[in-house]
Amino acid sequence: MQIKLKDGSVRTYDGAVSVYEIAKDISDGLARVACAGELNGEIVDLRTKVTADCELNIITASDAEGLKVIRHTASHVMAEAVKRLFPDAKVAIGPAIEDGFYYDFDHAPFSREDLDQIESEMKKIIKEGHEISRFTLPREEAVAFMRERNEPYKVELIEDLPEGSEISFYDQGGFTDLCAGPHLMSTKGIKAYKLISSSMAYWRGDEHKAQLQRIYATAFNKKEELAAYLEHLEDIKKRDHNKLGREMELFTTVDVIGQGLPLFAPKGTKMIQKLQRWIEDLEDNEWGYVRTRTPFMAKSDLYKISGHWDHYKEGMFVLGDEEKDKEVFALRPMTCPFQYYVYKNSQKSYRDLPYRMGETSTIFRSEDSGEMHGLTRVRQFTISEGHLVIRPDQTEEELKGCLELANYTLTTLGLQEDVTYRLSKWDPANREKYLGDAQYWESTQDALRKILVEKGLPFVEADGEAAFYGPKIDIQAKNVYGKEDTMITIQLDCAIAENFDMYYIDENGEKIRPYIIHRTSMGCYERTLAWLIEKYAGKFPTWLCPEQVRVLPISDKYNDYAQKVLSELKKNGIDASIDARSEKIGFKIRAARLEKLPYMLVVGKQEEEDGTVSVRSRFAGNEGVKPLEQFIDQISREIRTKEIRKELPEEEKAK
């Protein structure tokens, strides 16, 4: 039997041999750091027996899959620690995830003190150095095995597997867990770990099932790597929009109003207003859009025509009961069917197309309570929505235009480098979810794929992520915790015009069905604001700041001059205020810095006499004394061009 290794060398064995034994045969050092094997491209346990010629790579902690094995093993150690400290706790599932691992328990909520105790118990288990062994049982015996241990969640998992299955378990010195593996050879292989937090989680993600307690944790191969990650978590906490946005008084939520229904304070409202005005002017003045305004609700009849009633009803807020009420209404989950009737309001010829409709649309979606998070997942939100009614021959050009507009807005906001692109396709195995046949889907998906390729944008393809009426280009971004959301979407729809009897008159006088592009130019304002808060840690570009300048009189004697300065700033459209409190100037400067303001203008006797201001900025520190007109010209240009001014390091600001 010949084993070809990653470096191209070949080792020969007479009989079956485990991956671990091969690693040890190569070197004791490799065996000590081995986490798993890659056998003919498949990740396998170190205990796996090799019985035929193959290609083998030994996976270590320096490999992503190796780190995953360390974390998976750490999750079992954590589960054992919980069972030692809280014997009545029932174990559920405990997978490795992108930045660590978690385990779900049926138990009362865990406090921080509980987590610290569990960490200490894990340390004891690791020090004991139990060997980890694997064994299998037939399905029926596996059920009895876990039932005897009074672990109902494990029993349910096993019972969901096909009859006749062989079920694998891992034992580490008496603690046995249901698991497919792979795992380390011993608990001693866990070098650095930390329990991060605990929260409620539904069993199997179903809000109708048991509420469990999930402990989030992480593990690394080296203590230095763990320390760097924990430092990263501290930075995340500072950037978390849900925390920072409240501290900066941008938004809040109130229980009696409802989850996923944020209230925007004056500062947050000002920021969304600036974004909205910019997008509307951009679309209308530079990209040829007409603006519409449509109702927030409609009769169910409309949604039945569009297909939303059959394909999206569970995601809608329905007002009324079809069995009892003469008319049933629903809050709109999107604006497209409304805008179709704006298009139909007058007959269009081929010369009128493309007909680009834009609307700042407030829409409503019945999200699960467990999905709610700050501004990124809400039940009422507003988007820069648009629908382009086009001739088929205009498809490529208009799709490119939508993508160019989206990328322009991202670049202006400084977010372009943070996104990825996804071609969201239908799932041919689930055809009842979608309108149209296979040929329709392949042709529309090809059209979007061509645009991405021609633009040279790297992208992934995802089955089952399309809208029910057509495929999408989704522009994705991750929040500070690594969760990915769709920020901007461009969708091609060649079918829905039939439902609404939409047409245009071609050059031969014939009625022709148009195609429709559904798109956003910036996406959801709420989600974009969350993204901006986290991107800039609250230190926004000047043009977006709700307060751009604060005037700071050195003492009460200079309040009148400060008011003059403030008046001139406001005349020039600059969002400014004055701090006229009877406090020392150092106190006022510190307060402005804490609020992350772009500019402070300090004024006193000399500034009043000369008509100047002493400029301090978030970007460069003390920028010196300038004539007021010069400063106004400078900041006006910065706002007009939407410049993203870079912040100097603190040591340079102090110079």
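Here the residue numbers are simple positions, counted from 1 along each chain's written sequence. Where local features are concerned, this predicted model is filtered to residues with pLDDT of at least 70; where side-chain atom pairs are given and counted, the filter is 80 or more; whole-chain, interface and lining totals use all residues. Water and hydrogen atoms were dropped before computing side-chain values, which therefore reflect all heavy atoms in the structure.

Peer 1: Any chance you could explain the layout of surface pockets here in plain terms?
Peer 2: Here a cavity means grid points, on a 1 Å grid over the protein atoms only, where a 1.4 Å probe fits yet cannot get out; a pocket means an open set of points with protein on both sides within 12 Å along at least five of seven lines; lining residues are those with an atom within 4 Å of a point. Grid points are joined across faces, edges and corners, and a volume is the space filled by probe spheres set on the points. Here the largest pocket defines a volume of roughly 1,700 Å³. In this structure, the largest pocket is lined by 44 residues; those nearest its centre are Ser199, Arg214, Tyr216, Tyr481 and Lys483. When contributions to the lining of the largest pocket are tallied by element, the ones reaching two or more residues are β10 (100-106), β14 (192-202), β15 (211-220) and α7 (223-239). Size it by volume and the second largest pocket reaches roughly 1,400 Å³. Surrounding the second largest pocket, 47 residues form its lining, Tyr312, Met334, Arg365, Arg377 and Lys472 being those nearest its centre. Runs of H or I in DSSP of at least four residues are treated as helices and runs of E of at least two as strands, each being numbered from the N terminus.

Peer 1: Looking at this model, I keep getting lost on the sheet that holds strand β7 (residues 54-60). Mind explaining?
Peer 2: Backbone-to-backbone hydrogen bonds pair the strands of a sheet. The strands run either parallel or antiparallel. Strand order in the open sheet formed by five strands is β2-β1-β7-β4-β5, and the pairing between neighbours is mixed. Each end of this open sheet is capped by a strand with a single partner; those strands are β2 (10-12) and β5 (42-44). Between one strand and the next, the sheet's axes are offset by a mean angle of 35°, whatever the strand orientation. In this description, strands pair whenever DSSP reports at least two bridges between them. Of the pairings in the sheet, the one linking strand β4 (residues 34-39) to β7 comprises five bridges and is antiparallel in character. Note that in β7 the partner of Leu39 across the bridge is Leu56. Should any heavy atoms of two residues lie within 4.5 Å, those residues are considered in contact. Comment: axis = line fitted to C-alpha atoms, over the contacting stretch for helices; angle = value between 0 and 180 degrees taken between N-to-C directions. Contacts between helix α1 (residues 19-26) and the sheet are confined to β1 (2-5), β2, β4, β5 and β7, with β7 contributing the most and set at about 80° to the helix.

Peer 1: Would you explain the packing of aromatic side chains in this entry?
Peer 2: Working definition: an aromatic ring pair is given by the centre-to-centre distance plus the angle between the planes. Here a Phe, Tyr or Trp ring, Trp counted by its six-membered ring, pairs with any other such ring whose centre lies within 6.5 Å, and the pair is stacked when the planes are under 30 degrees apart, edge-to-face when over 60, and tilted otherwise. Enumeration over the complete set of coordinates arrives at 24 aromatic pairs. Seen in terms of ring centroids, Phe86 and Phe110 are 5.8 Å apart; in terms of plane orientation they differ by 70°. Their pairing is edge-to-face. Taken as a pair, Phe86 in the loop between α3 (64-85) and β8 (90-91) and Phe110 in the loop between β10 and α4 (112-128) lie far apart in primary sequence, 24 residues in all. Phe110 matches Phe86 in its accessibility class, with the two residues each being buried. Measuring from centroid to centroid gives 4.9 Å for Tyr340 and Phe500, while their planes differ by 70°, and the two rings are edge-to-face. Separated by 160 residues along the polypeptide, Tyr340 in helix α12 (residues 336-344) and Phe500 in the loop between α15 (496-499) and β28 (504-505) bring together distant segments of the chain. The pair formed by Tyr340 and Phe500 is uniform in burial state, with each residue classed as buried. Counting every residue linked through ring pairs, the aromatic cluster contains Phe86, Tyr103, Phe105 and Phe110. Either the NZ atom of lysine or the CZ atom of arginine qualifies as a charge over a ring when it sits within 6 Å of the ring centre and within 35 degrees of the ring normal. In this structure, Arg214 is placed above the aromatic ring of Tyr102, and the distance from its NZ or CZ to the ring centre is 3.8 Å. The ring of Tyr343 has Lys348 lying over it, and the distance from NZ or CZ to the ring centre is 4.8 Å. Note on classification: 1.4 Å probe, protein chains only; a residue is buried when its accessible area is under 20% of the maximum for its type, exposed when over 50%, partly exposed between these limits.

Peer 1: Would you mind showing me how to read the sheet that holds strand β13 (residues 175-178) here?
Peer 2: An order of β11-β12-β13 is seen for the three strands of this open sheet, with the pairing classed as antiparallel. Edge positions in the sheet fall to β11 (132-138) and β13, since each has one partner strand and no second. On average, adjacent strands in this sheet sit at an angle of 30° to one another, irrespective of strand direction. Where α3 meets the sheet, it contacts β11, β12 (166-172) and β13, and its direction lies at approximately 125° from that of β13.

Peer 1: Just to check I follow, could you spell out the environment of Ala61 for this structure?
Peer 2: Looking at the secondary structure, you find Ala61 in the loop between β7 and α3. Accessibility expressed as a relative area gives 17% for Ala61, which makes it buried. Linking Ala61 and Phe587, residues 526 residues apart in sequence, is a C-alpha distance of 51 Å.

Peer 1: Sorry if this is basic, but what is going on with the side chain of Ser521 here?
Peer 2: Structurally, Ser521 can be placed in strand β30 (residues 515-524). Ser521 sits in the buried class, given a relative accessible area of 0%. Among the polar contacts made by the side chain of Ser521, one reaches the side chain of Ser384 at a distance of 3.2 Å. For this analysis, a polar contact is any N or O atom pair within 3.5 Å, provided that within protein one partner can donate a hydrogen and the other can accept it, and provided that sequence-adjacent residues contribute only side-chain to side-chain pairs.

Peer 1: For this particular structure, what's the right way to read a negative patch on the surface?
Peer 2: In this analysis, a patch consists of residues with relative accessible area above 30% that form no salt bridge, clustered at 9 Å for like charges and at 5 Å for the nonpolar side chains Val, Leu, Ile, Met, Phe, Trp and Tyr. A 1.4 Å probe and the Shrake-Rupley method give the accessible areas. Residues count as covered only by the protein chains that appear here. We define a salt bridge as a side-chain nitrogen of Lys or Arg found within 4 Å of a carboxyl oxygen belonging to Asp or Glu. We score Asp and Glu as negative and Lys and Arg as positive, and we do not count His or the chain ends. By convention, charge coordinates are those of NZ in Lys, CZ in Arg, CG in Asp, or CD in Glu. Taken together, the side chains of Asp560, Glu608, Glu609 and Asp610 define an acidic patch exposed on the protein surface. Per-element accounting of the negative patch gives the leading share, three residues, to helix α19 (residues 605-610). As for its placement among the helices and strands, Glu609 is situated in helix α19.

Peer 1: Before we go on, may I ask you to explain helix α17 (residues 559-571) in this structure?
Peer 2: Helix span is expected to be 1.5 Å times the residue number reduced by one. A rise of 1.5 Å per residue sets the reference length of α17, with its 13 residues, at 18 Å; its end C-alpha atoms lie 18 Å apart and thus fit the reference within 8%. Within α17, burial applies to Asn559, Tyr561, Ala562, Val565, Leu566 and Leu569. For α17, the buried positions fall inside an angular range of 160° around the axis, keeping them on one side. In α17, those exposed residues whose orientation departs by more than 90 degrees from the buried face are Asp560, Lys564 and Lys571. On its buried face, α17 is in contact with β31 (549-553), β32 (576-578), β33 (599-603), α19, β34 (612-617) and α20 (628-641). As used here, the arc belongs to the directions running from the helix axis to the C-beta atoms.

By themselves, these figures tell us nothing about what the structure is for.
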